[in-house]
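Fold and geometry: a report
Listed below are the residues making up each chain.
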Amino acid sequence: MRTLLRQLHLILTLQCHKASELISESFERKLQRHERIALKFHQFSCWSCRQFEKQLRFMRTALQKLERDQREALASGEKLSAAVKDRLKQLRPPSLPGNPPVEER
């Protein structure tokens, strides 16, 4: 009974900060039924949280496409120009103790 009351309380009182946590978690795990209901109920009246979910979905899709494109480029044997390699070296953070520097190919 207490569990049911806690679930009902979440559904009726979900605020944006908790909704954003649930939105983020929904990309990593399947939300429990009461969490999904609470989130949908909240998003019904909250434009900001609907937009937040759309933005996260867009970023996730874009990053997955970028990763896929990079893998395909490496697999096809595309070579980077010297200028691009130099620029990447400038962007690379220095090696941390215990982590060897990245070797060039």
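Located above this text is the structure these notes cover.
As a starting point, this report considers the structure included with it. (Residues numbered from 1 in each chain as written. Predicted model: local features only at pLDDT ≥ 70, side-chain atom pairs only at ≥ 80, totals over all residues. Heavy atoms only, no water.)

1. Some words on the overall build of the chain
A tally of regular secondary structure across the chain gives five helices and zero strands. Starting at the N terminus and ending at the C terminus, the chain contains elements arranged as α-α-α-α-α. Counting over 105 residues, the chain shows a buried share of 17%. Carbon and sulfur atoms provide 59% of the accessible area of the chain, an area that totals close to 9,200 Å². (Helix = DSSP H or I, 4+ residues; strand = E, 2+ residues; numbered from the N terminus. Buried < 20%, exposed > 50% of the residue type's maximum accessible area, 1.4 Å probe, protein only. Areas by Shrake-Rupley, 256 points an atom, 1.4 Å probe, with all protein chains shown as cover.)

2. Quick notes on the state of the cysteines
With the rule as written, the count across this model stands at zero disulfides. This cysteine, Cys 16, is not joined by any disulfide, and Cys 46 carries the nearest cysteine sulfur, 3.6 Å off. Overall, Cys 46 belongs to the buried group, its relative accessible area being 11%. (Disulfide = S-S within 2.5 Å.)

3. Considering the packing of helix 2 (residues 16–26) against helix 4 (residues 47–75)
Between helix 2 and helix 4, whose axes approach to 10 Å, the crossing angle comes to 25°. The angle between helix 2 and helix 4 falls in the class roughly parallel. Judged by the twist between their axes, the crossing of helix 2 over helix 4 is right-handed. Mapping the contact onto sequence places Cys 16, Ala 19, Ser 20, Ile 23 and Ser 24 in helix 2 and Cys 49, Phe 52, Glu 53 and Leu 56 in helix 4. Classifying every residue of the contact of helix 2 with helix 4 gives six nonpolar, two polar and one charged. (Axes fitted to C-alpha atoms, helices over the stretch in contact; angles between N-to-C directions. Parallel < 35°, antiparallel > 145°, perpendicular 65-115°, else oblique. Left-handed = near helix turned anticlockwise from the far one by under 90°. Contact = heavy atoms within 4.5 Å. Nonpolar A, V, L, I, M, F, W, Y, C, P; charged D, E, K, R; others polar.)

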